[in-house]
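Single-letter residue listing:
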Amino acid sequence: MSLLSKGDSIQIREVWNDNLEEEFALIREIVDDFPYFAWILSFLELFFVRSLVLTFWDDQGNLPTCGTDKFCIWQFNFRELNVNDDVFANDSVELLNTEWYRF
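Residues numbered from 1 in each chain as written. Predicted model: local features only at pLDDT ≥ 70, side-chain atom pairs only at ≥ 80, totals over all residues. Heavy atoms only, no water.

Caption draft 1: A look at the confidence of the model for the protein. When pLDDT is averaged across the protein, the result is 79; 64% of the residues are at 70 or more. Put simply, helix H3 (residues 99-102) is where the protein has its lowest mean pLDDT, 47, and helix H1 (residues 20-30) is where it has its highest, 96. Counting contacts from residues 99-103, a segment whose pLDDT is below 50, to residues more than four positions away or on other chains yields 13 contacts. (pLDDT = per-residue confidence, 0-100. Helix = DSSP H or I, 4+ residues; strand = E, 2+ residues; numbered from the N terminus. Contact = heavy atoms within 4.5 Å.)

Caption draft 2: Up close: a nonpolar patch on the surface. Together, Phe-37, Trp-39 and Leu-41 make up an exposed nonpolar region whose accessible area comes to about 320 Å². Within the fold, Trp-39 resides in strand E2 (residues 36-45). (Patch = residues over 30% accessible without salt bridge, like charges linked within 9 Å, V, L, I, M, F, W, Y side chains within 5 Å. Areas by Shrake-Rupley, 256 points an atom, 1.4 Å probe, with all protein chains shown as cover. Salt bridge = Lys/Arg side-chain N within 4 Å of Asp/Glu carboxyl O.)

Caption draft 3: Quick peek at the nonpolar core. Core analysis: the largest hydrophobic core is formed by 12 residues, namely Val-15, Leu-26, Ile-27, Ile-30, Phe-34, Leu-52, Leu-54, Phe-56, Cys-66, Cys-72, Trp-74 and Phe-76. If you list the elements that add at least two residues to this core, you get H1, strand E3 (48-57) and strand E4 (71-77). In this view, Ile-30 contacts Phe-56, Pro-64 and Trp-74; residues no more than four positions away in its chain are not counted. (Core = buried A, V, L, I, M, F, W, Y, C linked by side-chain atoms within 4.5 Å. Buried < 20%, exposed > 50% of the residue type's maximum accessible area, 1.4 Å probe, protein only.)

Caption draft 4: Quick peek at the packing of aromatic side chains. Inspection of every chain in the model, using the stated rule, returns 4 aromatic pairs. Note on Phe-56 and Trp-74: the rings are 5.7 Å apart at their centroids and 85 degrees apart in plane angle, and the pair reads as edge-to-face. With Phe-56 in strand E3 and Trp-74 in strand E4, this pair connects stretches of sequence that are 18 residues apart. Ring pairs connect the aromatic residues Phe-37, Phe-56 and Trp-74, which therefore count as one cluster. (Phe/Tyr/Trp six-rings, centres within 6.5 Å; stacked < 30°, edge-to-face > 60°.)

Caption draft 5: Representation of the environment of Pro-64 within the structure. You can see Pro-64 is positioned in the loop between E3 and E4. Along the chain, Pro-64 and Val-31 lie 33 residues apart, while their C-alpha atoms are 9.2 Å from each other. In this structure Pro-64 touches Ile-30, Phe-34, Phe-56, Lys-70, Phe-71, Cys-72 and Trp-74, once residues within four positions along its chain are discounted.

As structure tokens, this is what we get:
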């Protein structure tokens, strides 16, 4: 099984409305070779999803590189966090700022 080392680079492919179709096309290209996935939801408020993170891998544990020299994961963004107006849990925002979450 392949495991990432600290020196491995990961590209978080930020997905917004303007590049949604392009990123879906890329996912359709890799999904047959990387059929396993995990997802994480990030919430702003009780039932309001801010983002969805998808990670794909193959049966050996390898992540796709999407034609680059970095491993690719996707973050689908539904809304920006506005710390002045949005209701949020401080511990959730702290998690988003950790090295673990940001790779």
